[in-house]
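A look at the structure
As a plain string of letters, each chain reads:
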Amino acid sequence: MMICSECGHKNRIGMLYCEECGRTLKPSPVDTTEDIVAVAAQEVPQPVVPYRKLAVTPPELKIRGTAHLNDNSWLMFNFGDGEKTLDVKPARRLIFGRADNTSPLKPDVDLSPYGALEKGVSRHHAVLELKEDTLVLSDAGSSNGTYLNGQRLAPNQPRVLRDGDEVKFGKLVAHIHFK
Amino acid sequence: MDVPFDPYTILGISRSATDDEIRKAYRRLAQRLHPDKNPNNLGAEMQFRDVNLAHNLLTDPISKRDYDLFIGADNHQDTYFTLRVTPSKRAVLDLPEEQVIYLLAEIFPAPQVGEGQRKETHVNLTLVLDISNSMKGSRMERVKIAAQRLVEDLSPEDVISVVVFNDRAAVIIPATNPTDKPSLRARISMIAPSGGTEIYQGLVAGVQQNRAFSDTKRINSVILLTDGHTFGDQENCLTLAKQAVEQGIVISAMGLGSDWNDEFLDKLASTTGGATSYINSADMVLRFFHDHVRTLSNAFAERLQITIAPDPDIRLEMAFRLSPNPQPLLIDDHVIPLSSLQANRPISLLLQFTLPPGMQKAFRTVARLVVSGDIMQNRRPHFKAVSDVSLEVTDRVQNDEPPTAIMEALSKLTLYRLQEKAREALEKGNIEEATKRLNNLATRLLEMGQTELAQATLSEAQRVAQTRALSAQGKMTIKYQTRALVSPLDLDTALTNYIATNDP
């Protein structure tokens, strides 16, 4: 339950506005059981017993990696089970895909050595752009889709890429590390 | 071989999929959509049928080759509309309690459609006008003038019919091309009000007239305009509406004044994918007719519907069309008619689902959404767009902000729901609760800068505290104005209406 800090109404987790008073339900800074209870404790006098403790997550620990890239950072792509890696120097715009002799369009980053063909990578699969110090990834209208942390990207809808993210080109899985 | 859909899209696989991939995709979907697992879900049943058809086609080598060589090649080039689904969260915690997730589903016309759609779609329009005693006087006269002006604006290839009703119905203008406009205007001018209100009578005659010209070249629309309550024939009306939508006829309702049954008209319109409008003053009827016809002539796909198949442990709680024409949708059988798609404006829906307690940590599917529609001029029947929605269940905390589009839509929709909840409390006789909710609503409206509506809501809250009831006009104003807030474009129209009707 998420307890509205304004009116005390109990809303189900995932609701974004209080059903009772219409105010925004602010997710606590770190959305753990402890924090939810902490809010509850201020509003409701009777003690609330936490039903469950989540795995230790100290607030300072970053769950998703940073989105900020240093000037001289490189990107490491870790394919599949980690046997193969690829280092990429970020540039303003990089096209990821599969080089193909029948097509004059060459990707900037060729994924063929990592099993691109069998894994359904398109010739022009995804675009990685550097915007100031953040990287944004978008699908270039590929046949089998680009996935960021398991979610399929809509074509040409950029999303911020973070350290430690998982990217899937079709069925080709890569873990990204900033270094 | 007539294949009204793309089997690869239906199975969610690429065109180069191997037999093994086809089989696996089929198994996965068939398991999720099987009727045994989804009782009372017509949406899942329809999707299951499609998945079976697609599987049968792709596992028969000859049909598959035929499809790939002939039909598929064409299909591949032509995308008429796309479906984009954004969840409120991409990852949820594996909690031992129920959770809520929202999906924003947007149906976009394909870009080339806008360019190729210079030519307007012709309309097949039926007006079903209430001429009961309560319409007497200037109200009737203004509606007649609006109808005459509407006839004037139609092109010779459109079709118009006019039906009037009180206790019984009369066809004033049988369905015809508006070529002899003076005589059509003359017939409208002879309308004289009398008697009571029996909507079913009018609706039967109206749908019958509309059906006479129902084809793929024109877009079919019945407008019901009433200012009163109908008694005893509501069920018949809803049955008729269900038949109408199967024939591609959309019924839109206009409630004039404040003494009509909003719940019934909403249900009637939603059954066909149409919308309900609240018209405070007869002066505004013309404007509503105009907007309606303009919207229709922009249509490039009709008989649009979305089927929603949540996974068996997930429940669809609510569906609401945000734009165009905000309208609560009926979710009973998981098949939701959406009337037509305009070439220049996407349709957006907000869906609310309940996730079960104790989900396994893994990536999992949530629901499969399929939008289908007929492209006008018979260019492509049953075009389909599919989206399979999945998310991650994890024990790791996610601090992602929900997408702005969802936050914005939901902030407005929450107000509409508050209004509903205030009315529910009032019906149960809980005056205190109703007053509190109306006051909350007024506060939120003020924060949003909707001063006039906030004031109207505040004075209704006071009225409820004193008289235990909302005023008829206040009830309608709060309901339909908060609803209009959901879509900025429609709000513009509604506000003009509000200001115009409140000028002394």
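Residues numbered from 1 in each chain as written. Chains lettered and ligands numbered in written order. Predicted model: local features only at pLDDT ≥ 70, side-chain atom pairs only at ≥ 80, totals over all residues. Heavy atoms only, no water.

As a further point, take the overall build of chain B. Helix and strand counts for chain B come out as 16 helices and 16 strands. Whereas a compact globule of 504 residues would reach a radius of gyration of roughly 23 Å, chain B reaches 24 Å, a difference of no more than 12%. Judged by the C-alpha coordinates and their principal axes, chain B covers about 70 × 55 × 40 Å. Counting only residues that meet the buried cut, chain B has 58% of its 504 residues in that class. Of the contacts formed within chain B by residues at least 6 apart in sequence, a portion of 76% connects residues at least 24 apart. As displayed, chain B has an accessible area near 21000 Å², and 49% of this comes from carbon and sulfur atoms. (Helix = DSSP H or I, 4+ residues; strand = E, 2+ residues; numbered from the N terminus. Rg over C-alpha atoms; globule rule 2.2 N^0.38 Å. Buried < 20%, exposed > 50% of the residue type's maximum accessible area, 1.4 Å probe, protein only. Contact = heavy atoms within 4.5 Å. Areas by Shrake-Rupley, 256 points an atom, 1.4 Å probe, with all protein chains shown as cover.)

Our next topic: the overall build of chain A. In terms of helices and strands, chain A carries 1 helix and 13 strands. For chain A, the N- to C-terminal ordering of α and β elements is β-β-α-β-β-β-β-β-β-β-β-β-β-β. A burial count over chain A gives 46% of its 179 residues as buried. The long-range share in chain A, meaning contacts at least 24 apart out of those at least 6 apart in sequence, stands at 38%. As displayed, chain A has an accessible area near 9600 Å², and 52% of this comes from carbon and sulfur atoms.

All names here are of chain B. Two strands pair when backbone bridges link them, and strand 5 (residues 159–165) and strand 6 (residues 169–176) are joined in this way by 5 bridges, in the antiparallel orientation. Following the sheet pairing, Val-164 is matched in strand 6 by Ala-170. Here strand 5 hands over to strand 6 after 3 residues, the two strands then running antiparallel side by side. (Pairing = 2+ DSSP bridges.)

Let us now look at the interface of chain B and chain A. With 39 residues of chain B at the contact, the number on the chain A side is 33 residues. Of the roughly 3200 Å² buried between chain B and chain A, counting both surfaces, carbon and sulfur atoms make up 51%. Where chain B touches chain A, the interface holds 4 salt bridges. A salt bridge links A:Glu20 to B:Arg437, with the nearest nitrogen and oxygen atoms 2.8 Å apart. The interface formed by chain B and chain A contains 8 residue pairs in polar contact (both at pLDDT 80 or more). Of all the elements in the fold, those that place two or more residues in the side of chain B that touches chain A are strand 1 (81–87), strand 3 (99–109), strand 14 (347–355), helix 12 (404–427) and helix 13 (431–447) of chain B. At 7 residues, helix 12 of chain B tops the list of elements feeding residues into the side of chain B that touches chain A. (Buried area = accessible area lost by both parts, 1.4 Å probe. Salt bridge = Lys/Arg side-chain N within 4 Å of Asp/Glu carboxyl O. Polar contact = N/O pair within 3.5 Å; in protein donor to acceptor, adjacent residues only side chain to side chain.)

Residue and element names in this part refer to chain B. A full pass over the atoms with the stated rule returns 39 salt bridges over all chains. We note a salt bridge from Asp-283 to Arg-142, for which the minimum N-O separation is 2.5 Å. Pair noted here: Asp-283 is in the loop between strand 9 (276–279) and helix 11 (285–297) and Arg-142 is in helix 6 (residues 138–153), with a separation of 141 residues, a long-range link. Given the relative accessible area of 40%, Arg-142 is considered partly exposed. For Arg-315, the salt bridge identified is with Glu-317, shortest N-O distance 3.5 Å.

This part covers the confidence of the model for chain B. Do not read the fine detail of predicted coordinates wherever pLDDT is low. Residues and elements named next belong to chain B. Across chain B, the average pLDDT comes to 87, with 92% of residues at 70 or higher. Taken as a whole, residues 497–504 scores under 50 in pLDDT and shows 14 contacts with residues more than four places along the chain or in a different chain. Here the prediction assigns the complex a pTM of 0.72, and the interface score ipTM is 0.80. (pLDDT = per-residue confidence, 0-100.)

All names here are of chain B. Contact geometry of helix 13 with helix 14 (residues 451–467) gives a least axis separation of 8 Å together with a crossing angle of 165°. Comparing the axis directions of helix 13 and helix 14 gives the class roughly antiparallel. Here the hand of the crossing between helix 13 and helix 14 comes out left-handed. Along the contact surface, helix 13 presents Ile-431, Ala-434, Thr-435, Leu-438, Asn-439, Leu-441, Ala-442, Leu-445 and Leu-446, while helix 14 presents Thr-451, Leu-453, Ala-454, Thr-457, Leu-458, Glu-460, Ala-461, Val-464 and Ala-465. Partitioning the contact of helix 13 with helix 14 into residue classes produces 13 nonpolar, 4 polar and 1 charged. (Axes fitted to C-alpha atoms, helices over the stretch in contact; angles between N-to-C directions. Parallel < 35°, antiparallel > 145°, perpendicular 65-115°, else oblique. Left-handed = near helix turned anticlockwise from the far one by under 90°. Nonpolar A, V, L, I, M, F, W, Y, C, P; charged D, E, K, R; others polar.)

What follows deals with unusual backbone geometry. All names here are of chain B. Looking along the chain, the bond that leaves Ser-323 and enters Pro-324 is cis, with omega of -10°. Looking at where Pro-324 falls in the secondary structure, it is placed in the loop between strand 11 (315–323) and strand 12 (327–328). In this structure, His-334 takes a positive phi of about 65° despite not being glycine. With respect to the helices and strands, the residue His-334 is situated in the loop between strand 12 and strand 13 (335–342). Overall, His-334 belongs to the buried group, its relative accessible area being 13%. Residue Ser-339 is not a glycine yet carries a positive backbone phi of 55°. Relative to the helices and strands, Ser-339 resides in strand 13. In this structure Ser-339 comes out as buried when scored by relative accessible area, which is 16%.

What follows deals with the sheet that holds strand 16 (residues 380–394) of chain B. Residues and elements named next belong to chain B. If you trace the 5 strands from one edge of the open sheet to the other, you get 2-16-15-10-13, paired in mixed fashion. Looking at the sheet topology across the chains shown, the edges are occupied by strand 2 (91–93) and strand 13. Going from strand to strand, the sheet's axes swing by 30° on average, the running direction of each strand aside. Direction of pairing for strand 10 (residues 299–310) relative to strand 15 (residues 362–375): antiparallel, over a ladder of 8 bridges.

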